[in-house]
Amino acid sequence: MKLTALTTAFLLGTGAAMAAGTHDGGHGHDDGHMAGHGHADMMQVGRPAAPDEASRTIGITMRETSDGEMLFEPGELNFQPGETVRFRIHNAGEVEHEFVMDTHENNEEHRELMQKFPEMEHDDPNAIRLAPGETGEIVWSFANAGKFQFACLIPGHMEAGMHGPIHVQGN
Ligand SMILES: [Cu+2]
């Protein structure tokens, strides 16, 4: 799905989108590669991992409701520090959605950035953007205990309900 996301970025990406995507350097994954285990990919919420590291698969559905809400199912996620899981994310809605894992603060910053640059495309390892009907995967290793967040940062979507807590509980 990484290739699909990249291809979409190239197909849909205008000069403005490209420029917006790099204007603050805040994403830190400009080349979009899946180096996986380097320090550069380590975030507070964890790091991308290889598929064979995953100990379980979690299905996530993204959709809109008839009364104008947008949501993730399930609405909350729980992990242990050091746990590596495979997310199989399906967009069952009628518009594009994305699944982004990060700290609440980083998601908030990112959301504001996307409001300013709605055409912005990104290819961060902690995020995946899916067209209606599409399914994609992220394999992720949760490093630190703490409370994180998954959200859709497309303008208006988080406000419509697309966010939930990720609890990484230490013993
Ligand atoms: Cu969305």
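Look above for the structure.
Quantities reported herein were computed from a predicted structural model and do not represent experimental measurements. (Residues numbered from 1 in each chain as written. Predicted model: local features only at pLDDT ≥ 70, side-chain atom pairs only at ≥ 80, totals over all residues.)

A.B. asks: Can you walk me through helix 3 (residues 104-116) in this structure?
C.D. replies: Note that an α-helix has 3.6 residues per turn; residues three or four places apart therefore point the same way. The first and last C-alpha atoms of helix 3 sit 19 Å apart over 13 residues, in line with the 18 Å expected at 1.5 Å per residue. Among all positions of helix 3, only Asn107, His110, Arg111 and Met114 are buried. Looking down the long axis of helix 3, one finds its buried residues gathered within 105° of arc, a one-sided arrangement. Those residues of helix 3 that are exposed and aimed more than 90 degrees away from the buried face are Glu105, Glu112 and Lys116. Residues of helix 3 that are buried in the fold lie against strand 6 (97-102) and strand 9 (146-151). (Helix = DSSP H or I, 4+ residues; strand = E, 2+ residues; numbered from the N terminus. Expected span 1.5 Å × (residues − 1). Buried ≥ 20, exposed ≤ 12 C-beta atoms within 10 Å, placed from the backbone. Arc of directions from axis to C-beta. Contact = placed C-beta atoms within 7 Å.)

A.B. asks: Would you take a moment to explain the environment of Asn144 for this structure?
C.D. replies: If you trace the backbone, Asn144 turns up in the loop between strand 8 (135-141) and strand 9. For the pair Asn144 and Gln44, spaced 100 residues apart in the sequence, the C-alpha separation amounts to 6.6 Å. Setting aside residues no more than four positions away along its own chain, Asn144 makes contact with Gln44, Pro81 and Val168.

A.B. asks: What is the right way to look at unusual backbone geometry in this model?
C.D. replies: When glycine is set aside, most residues are seen to have a negative phi, and most peptide bonds are trans. Cis geometry marks the peptide bond from Glu73 to Pro74; its omega dihedral reads 0°. With respect to the helices, strands and loops of the structure, Pro74 is situated in the loop between strand 3 (70-73) and strand 4 (77-79).

A.B. asks: Help me understand the sheet that holds strand 1 (residues 47-48), please; the structure alone is not making it clear to me.
C.D. replies: Pairing between the strands of a sheet comes from backbone hydrogen bonds, and it takes one of two forms, parallel or antiparallel. On the basis of which strands lie adjacent, the open sheet formed by five strands has the order 1-8-5-2-3 and mixed pairing. Of all strands in the sheet, those bounded by a partner on one side alone are strand 1 and strand 3. (Pairing = 2+ DSSP bridges.)

A.B. asks: Help me understand the nonpolar core in this model?
C.D. replies: Taken as a class, soluble globular proteins show a tendency for nonpolar side chains to be buried jointly. In this structure, Phe99, Phe150 and Cys152 are the most contacted members of the largest nonpolar core, which totals 33 residues. If you list the elements that add at least two residues to this core, you get strand 3, strand 4, strand 5 (84-91), strand 6, strand 7 (127-130), strand 8, strand 9 and strand 10 (163-168). For Phe99, the contacting residues outside a window of four places in its chain are Ile60, Met62, Ile89, Ala127, Ile128, Phe150 and Cys152. (Core = buried A, V, L, I, M, F, W, Y, C linked by C-beta atoms within 7 Å.)

None of the figures reported here should be taken as evidence of function without further support.
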